[in-house]
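A closer look at the structure
The chain contents come next:
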Amino acid sequence: MPLRLTVLGTGYLGATHAVCMAELGFEVLGLDVDETKVARLNAGEVPFFEPGLEPLLRKNLEAGRLRFTTSYEEVGAFGDVHFVCVGTPQKKGENAADMTYVDASFASLLPVVREGTLVVGKSTVPAGTAERLSDGLEAGLADGSVAPGVELAWNPEFLREGFAVEDTLTPDRLVFGVRSARSEQQLREAFGPVLALGTPVVVTDFATAQLVKVAANAFLATKISFINAMAEVCEATGGDVTLLSKALSYDTRIGGRFLQAGLGFGGGCLPKDIRAFMARAGELGVDQALSFLKEVDAINQRRRVRMVDLARELAGGSFGGVRVAVLGAAFKPNSDDIRDSPALDVAQAIQRQGAAVTLYDPAAMENARVAVPELGYRRNTMEACKGADVVLHLTEWAEFREMDPEVLGGVVAARNLVDGRNVLDPVAWRAAGWHYRALGRPQVEPLPVE
Ligand SMILES: NC(=O)c1ccc[n+]([C@@H]2O[C@H](COP(=O)([O-])OP(=O)(O)OC[C@H]3O[C@@H](n4cnc5c(N)ncnc54)[C@H](O)[C@@H]3O)[C@@H](O)[C@H]2O)c1
């Protein structure tokens, strides 16, 4: 009999995990406290944008391997292994992670799980969380409020939005934070089809398992902020950060991934994870070890300010009476996630400074409209850019990368462009009469080659 798995919290991580585990052949029951989300998932509709997920959801619902519920009792009766995937957002006004949802989920789950089952934390949490939850579990086992033999494991998740299906079905590695051979065996069974592909697995203690995730995000954020710091220096020296980055990338010790200068990182993970990591380090008395992350965060924020400055410069020094078209609202392409999105942040700042902002994003329009209703939302690139004095390219969707400078030039009021992602071809845009600006690149139009 294949294991029966449950997934608690069916957001970006949990819905993907539930669908993919069903795709791997397990019987899966997903749970969320959001009834609308559960109803949509049961109807075969993914409540967010994630390429390739919806067909798999439908396929596995039809195959009878997957369904969703709001009942913890049902989940407890069903599952052999339970994956907790609820959110851990940043606390309001603080760097620390808000553990309310994780704690609530464990409090609902532990009293209803069956004897000998495994509860697996997947959410990204501050080091020490698994140990704290384990103490609670031990107390429940001792007073009989939790069924005998229930164990806890930590299995951090590294999926990337936009590639979530691929990353879940064929991850780079798995990390199992366990305290017993039985827990490890249960996890090996739950990930059997993934391990059969030869996926490396690192078995660790709880502390390391929790740290791997935040360390990975801290490293990625640092790499992005490093090249963005170089962009700042390029701006001061007249250098071109795209060439600098290209030259660095040939060094195999450095590598070219996550080394593109631009508007920086955002989303529901990197920013809040590095902040929570710093906050936790402070509590542990090792804040100095992570003080560089403060600068990583600051560099990232400064790119947003610089983008606003560049747009203002192109607009003639002031946003008063200026129309600005913003292309992109999601924090990255192939996602509708607008959490801490640099694009939306810049759009809001510019509107606040007096410009009329029109915005288009291929997937994140609804989320953006709910979060920032005061912007002018348009149905496509051409409508967003119609009559614009300045166009800002802020999320590198493929359809923006492929824009024709001549065609777009026909609808704007003035051919002014800031490429916040350094992916458009300055030569082509300048040849079409555009004033092209970008982060970390020479801001003067090059002299025409004789
Ligand atoms: N999004 C990603 O790419 C990604 C990648 C790796 C790790 N993570 C981590 O995974 C966790 C979840 O992130 P997400 O992006 O999926 O968040 P999300 O906000 O999209 O989803 C969280 C879900 O949990 C539900 N929930 C809240 N309280 C609950 C409870 N008590 N019981 C059941 N469900 C409850 C919410 O309704 C929501 O649907 C976070 O810790 C995040 O850092 C996310």
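Residues numbered from 1 in each chain as written. Predicted model: local features only at pLDDT ≥ 70, side-chain atom pairs only at ≥ 80, totals over all residues. Heavy atoms only, no water.

**With respect to the overall build of the chain**
Within the chain, the secondary structure is distributed over 19 helices and 14 strands. Its C-alpha atoms give the chain a radius of gyration of 24 Å, near enough to 22 Å, the size a compact globule of 450 residues would have. With the principal axes as the frame, the chain shows a C-alpha extent of 80 × 50 × 40 Å. Looking at the chain residue by residue over its 450 residues, the buried ones come to 52%. Residue pairs in contact within the chain that sit at least 24 positions apart in sequence constitute 71% of those at least 6 positions apart. On the chain, roughly 19,000 Å² of surface is accessible, and the fraction owed to carbon and sulfur atoms is 56%. Positive and negative charge centroids in the chain, built from 45 and 58 side chains respectively, lie 3 Å apart. (Helix = DSSP H or I, 4+ residues; strand = E, 2+ residues; numbered from the N terminus. Rg over C-alpha atoms; globule rule 2.2 N^0.38 Å. Buried < 20%, exposed > 50% of the residue type's maximum accessible area, 1.4 Å probe, protein only. Contact = heavy atoms within 4.5 Å. Areas by Shrake-Rupley, 256 points an atom, 1.4 Å probe, with all protein chains shown as cover. Lys, Arg positive; Asp, Glu negative; His and termini not counted. Charge placed at Lys NZ, Arg CZ, Asp CG, Glu CD.)

**Focus: helix H10 (residues 206–237)**
With 32 residues, H10 extends 47 Å from end C-alpha to end C-alpha; this agrees with the ideal 46 Å at 1.5 Å per step. Along H10, the helix axis deviates most sharply at Val212, where the bend reaches about 25°. Here H10 starts with a cap whose side-chain oxygen sits 3.1 Å from the backbone nitrogen of Ala207, and that cap is Asp205. The first or second residue beyond H10 is Gly238, which carries a positive phi of 90°. (Expected span 1.5 Å × (residues − 1). Bend = angle between axes of the 7 residues up to and from the residue. Polar contact = N/O pair within 3.5 Å; in protein donor to acceptor, adjacent residues only side chain to side chain.)

**Overview of the side chain of Arg303**
Inspection of the secondary structure assignment puts Arg303 in helix H13 (residues 292–314). Every residue in contact with Arg303, bar those within four places of it in the chain, is listed here: Asn228, Ala231, Glu232, Glu235, Gly262, Leu263, Leu439 and Gly440.

**Re the site of the ligand**
Around the ligand, the surrounding shell holds 26 residues, and the nearest of these are Asp32, Lys37, Tyr72, Thr88 and Lys272. One of the backbone nitrogen or oxygen atoms of Leu13 is found 2.8 Å away from an oxygen atom of the ligand. Interatomic distance of 2.6 Å between a side-chain N/O atom of Lys272 and an oxygen atom of the ligand. Considered on its own, the ligand offers 840 Å² of accessible surface; in the complex 89% of this is hidden by protein. Those elements that provide at least two residues to the shell around the ligand are helix H1 (12–23) and helix H5 (100–109). (Near = heavy atom within 4 Å.)

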